[in-house]
Amino acid sequence: MSKFHSLADFATKRFRLAGKAYLENGDPFFAPIDRLRQEAEERGDYFVSFANYDYLGLSNHPTIKAACAEALETTGVGALASRLVGGERSVHHGFEQALADFLGTEDALTLVSGYLTNVTTIAHIMGTRDAIFIDELSHNSIVSGAKSAVAETIIFRHNDLAHLDQLLTEKRGQFRNALIIAESLYSMDGDVVDLPMLVALKKKHDCWLLVDEAHSVGVLGEHGRGICEFSGVDPNEVDLIIGTLSKTFASCGGFIAGKKPVIEWLRYTLPGFVYSVGLSPVITAAAHTALQLVQNESWRIERLRRNAEFFVELAREAGLDTGPAIGRGVIPVMFRDSHETLAASAYLMENGFYVPPIIQIGVPKDQPRLRFFLSASHSEAEIRGVINLLSQIAQACPATAHSINAAE
Ligand SMILES: Cc1ncc(COP(=O)(O)O)c(C=O)c1O
């Protein structure tokens, strides 16, 4: 008979296996960033974060704060029930229609979390005789959605659409419905999916297509409309566009956009929507105002693009390995070893740059990295400053950050 373990014993063991030892020389996670920023400013220093996906620099925008203050005054914070049974506020529909218009879809629906949106949608639409094809580097919310679904999950190699084609050719016939899921801009590598090719595969094999645009709305495309605009694809070719309000929209929550009959069905049946509270009216006002700013202050999209391209250019000149990143909102700098990654992150922090290490969680264990989120609010001097420090680290310890040549 196996020995009984209390939950605390079990948790201690699991945490050790998950890499707790990496925290022994100081915990780089959960940094109190508001206090650190304030303390740095009081000392006359700077505190620059590359850890937050405030892509267009809207997080402190006065117009958003004013919209939130007004919503707070008129409606209070909570939505106070599921919208289906508790009723909704006019801001909900107003925002959803504006979002659908912006994305070029017929309709949209908001939920309280981007993570939840993937989990509940994937699990809800795929049944017992169905298959879900996902990229091996899919975000955990997609993996959890696929695990929660009763359908079979089939994994294709990262961004390898020839492999997906081969798997579909071999297996599609065994299933009733098939859903292909891909991300537009991958959150750890900063590379993009070949959407025209994906749409061609979806048609060839009679599948549905879900694209997670968490990191591409406001980032890709001349007007920030995402991967469809970026790659010249009609958004109506994609069955479901899923996204989040926590990144470009500097708020919190998730959304699904697509054809009217699909969204209408989900509005009445999607468990994560029907059995969960509606989006807070204050949060909705924030996201709606951010959406208006994406359109009214479109210079921010161009500024983000220039910043990200500048970062990649300097990084490559310094011999750093930015992996497959295309040079938009997300750019990794790859390291060979988790300890070196932790040391590099600590060194940057000592010098006023907050870039937490990505080790163990969310990436293959042998591909540790510092992951940089670029923002329209970064200055050239800040980008130059952080690359100079990385370059010093690479020179002091040449095996630390991969050099481009070594990586090839
Ligand atoms: C690709 C992707 N999808 C979904 C999510 C979940 O979004 P949220 O953090 O807003 O819940 C994230 C979060 O970073 C993500 O990277």
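One structure accompanies this document, and this report is about it.

Conventions adopted
- Residues numbered from 1 in each chain as written.
- Predicted model: local features only at pLDDT ≥ 70, side-chain atom pairs only at ≥ 80, totals over all residues.
- Heavy atoms only, no water.
- Near = heavy atom within 4 Å.
- Polar contact = N/O pair within 3.5 Å; in protein donor to acceptor, adjacent residues only side chain to side chain.
- Areas by Shrake-Rupley, 256 points an atom, 1.4 Å probe, with all protein chains shown as cover.
- Helix = DSSP H or I, 4+ residues; strand = E, 2+ residues; numbered from the N terminus.
- Nonpolar A, V, L, I, M, F, W, Y, C, P; charged D, E, K, R; others polar.
- Salt bridge = Lys/Arg side-chain N within 4 Å of Asp/Glu carboxyl O.
- Buried < 20%, exposed > 50% of the residue type's maximum accessible area, 1.4 Å probe, protein only.

Looking at the site of the ligand
Near the ligand lie 15 residues; those nearest to it are Tyr115, Asp212, His215, Thr244 and Ser246. Between Tyr115 and the ligand, the recorded distance is 2.9 Å, taken from a backbone N or O atom to an oxygen atom. In the model, an oxygen atom of the ligand is placed 2.7 Å from a nitrogen or oxygen of the His215 side chain. Protein chains bury 86% of the 390 Å² of accessible surface belonging to the ligand in isolation. Considering each element in turn, the shell around the ligand owes the most residues, three residues, to helix H6 (residues 114-125). In terms of residue class, the shell around the ligand is built from three nonpolar, nine polar and three charged.

Quick look at the pattern of salt bridges
Inspection of every chain in the model, using the stated rule, returns 19 salt bridges. Arg328 is the partner of Glu309 in a salt bridge, and the nearest nitrogen-oxygen pair spans 3.0 Å. Within this pair, whereas Glu309 is found in helix H14 (residues 299-317), its partner Arg328 is found in the loop between H14 and strand S9 (330-334), the two being separated by 19 residues in sequence. Using a relative accessible area of 31% as the deciding quantity, one classes Glu309 as partly exposed. We classify Arg328 as buried; its relative accessible area is 14%. Residues joined by salt bridges that share partners form a network here, namely Arg83, Glu88, Glu96, Asp107, Lys260, Glu264 and Arg267.

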